[in-house]
Amino acid sequence: GIPLVVFVGMKREQFRSSLTLGYDLADGHSLSAVLGYSDMRASWVRDFDLTRAQNFLSQDPQKHEDKSLEVRLTSPQDQKLTYSVGGSYFKANFIQQGNGGLNIWGQDGGVTQAVRNPNGPGTIVLPGPHPFMQTNFPQESGRTLGVFGSIAYDVNDMLSLSPRMAGEQGGN
């Protein structure tokens, strides 16, 4: 989950990794792949109304996870005509606040909150910060598929022609 912040400030947990693979084929071509993964979870409590009394605070959670893959085939480089072709995939899932997030109230000028007593009548005071109950974070996602390629022809030692192509398609 997202780290719980019980102070004015920020807490972040982050993990990133990648794996690069390369293989040289017998005919001089090379095949390469890069896999990537990132996971970042953070939350911060800040003074939302920017007044001297810290009785209207905001907790803004973030969660980002993404995965990526790129595969590429490259021709032998000791020829007049060389090329490289490949494809990529990227997918991200995230929640992000920052626009007020979870509002935290503190009636005593601090960060306590009176809530309905779940075990009976009346209210109880909880030490804070304490977010509004039953708040659902908006989760968003996106993905992108891409293809790319280039070709080069060495006309002579001084001139090389090298057109390139790339395209991508994205969505949720």
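Described below are features of the structure shown in this document. What you are looking at is a predicted structure, and each value in this text was computed from that prediction instead of being measured. (Residues numbered from 1 in each chain as written. Predicted model: local features only at pLDDT ≥ 70, side-chain atom pairs only at ≥ 80, totals over all residues. Heavy atoms only, no water.)

When its secondary structure is counted, the protein shows 0 helices and 10 strands. If you list the helices and strands of the protein from N to C, you get β-β-β-β-β-β-β-β-β-β. Within the protein, buried positions represent 26% of all 172 residues. If you take every contact in the protein between residues at least 6 apart in sequence, the share linking residues at least 24 apart comes to 61%. Total accessible area on the protein is roughly 11,500 Å²; 55% of this is exposed by carbon and sulfur atoms. (Helix = DSSP H or I, 4+ residues; strand = E, 2+ residues; numbered from the N terminus. Buried < 20%, exposed > 50% of the residue type's maximum accessible area, 1.4 Å probe, protein only. Contact = heavy atoms within 4.5 Å. Areas by Shrake-Rupley, 256 points an atom, 1.4 Å probe, with all protein chains shown as cover.)

Along strand β10 (residues 164–171), only 0 of the 8 residues are buried, which leaves the element largely exposed. Looking at chain direction, strand β8 (residues 139–154) and β10 are connected through 8 bridges and run antiparallel. What sits directly across from L145, in β10, is Q169. (Pairing = 2+ DSSP bridges.)

Another aspect to go through is the pattern of salt bridges. Enumeration over the complete set of coordinates arrives at 2 salt bridges. The salt bridge partner of R41 is D39, with a shortest N-O separation of 2.9 Å. The exposure class assigned to D39 is buried, which follows from its relative accessible area of 11%. Measuring nitrogen to oxygen at the nearest pair gives 2.7 Å for the salt bridge that ties E70 to R72. Accessibility expressed as a relative area gives 28% for E70, which makes it partly exposed. (Salt bridge = Lys/Arg side-chain N within 4 Å of Asp/Glu carboxyl O.)

Let's shift gears to the side chain of S38. Locating S38 in the fold gives a position in strand β2 (residues 30–47). Ignoring any residue separated from it by four or fewer positions in sequence, one finds S38 in contact with F15, R16, H64, E65 and D66.

A contiguous nonpolar surface patch, about 840 Å² in accessible area, is contributed by L19, L21, Y23, L25, L31, L35, L69, V71, Y89 and L145. Counting only elements with at least two residues in the nonpolar patch, the list comes to β1 (9–24), β2 and β3 (56–74). Broken down by element, the residue count for the nonpolar patch peaks at 3 residues, all from β1. Here L35 lies in strand β2. (Patch = residues over 30% accessible without salt bridge, like charges linked within 9 Å, V, L, I, M, F, W, Y side chains within 5 Å.)

Another point: the side chain of H29. Here H29 is to be found in the loop between β1 and β2. Here the side chain of H29 touches D27 through a polar contact of 3.1 Å, side chain to side chain. In this structure the side chain of H29 is engaged in a polar contact, spanning 2.5 Å, whose partner is the side chain of Y83. The contacts of H29, once residues within four sequence positions are left out, are Y23, D24, L73, T74, S75, P76 and Y83. (Polar contact = N/O pair within 3.5 Å; in protein donor to acceptor, adjacent residues only side chain to side chain.)

This part is about the environment of R164. When you line up the elements, R164 lands in strand β10. Here the alpha-carbon distance between R164 and S84, two residues 80 residues apart in the chain, equals 9.4 Å. Residues contacting R164, with those up to four places away along its chain left out, are G149 and S150.

This part takes up the pairing of β2. As paired elements, β1 and β2 share 16 bridges and run antiparallel to each other. The partner of L21 across the bridge, within β2, is A33. What sits between the antiparallel neighbours β1 and β2 is a turn of 5 residues, in which G28 has the positive phi angle 100 degrees.

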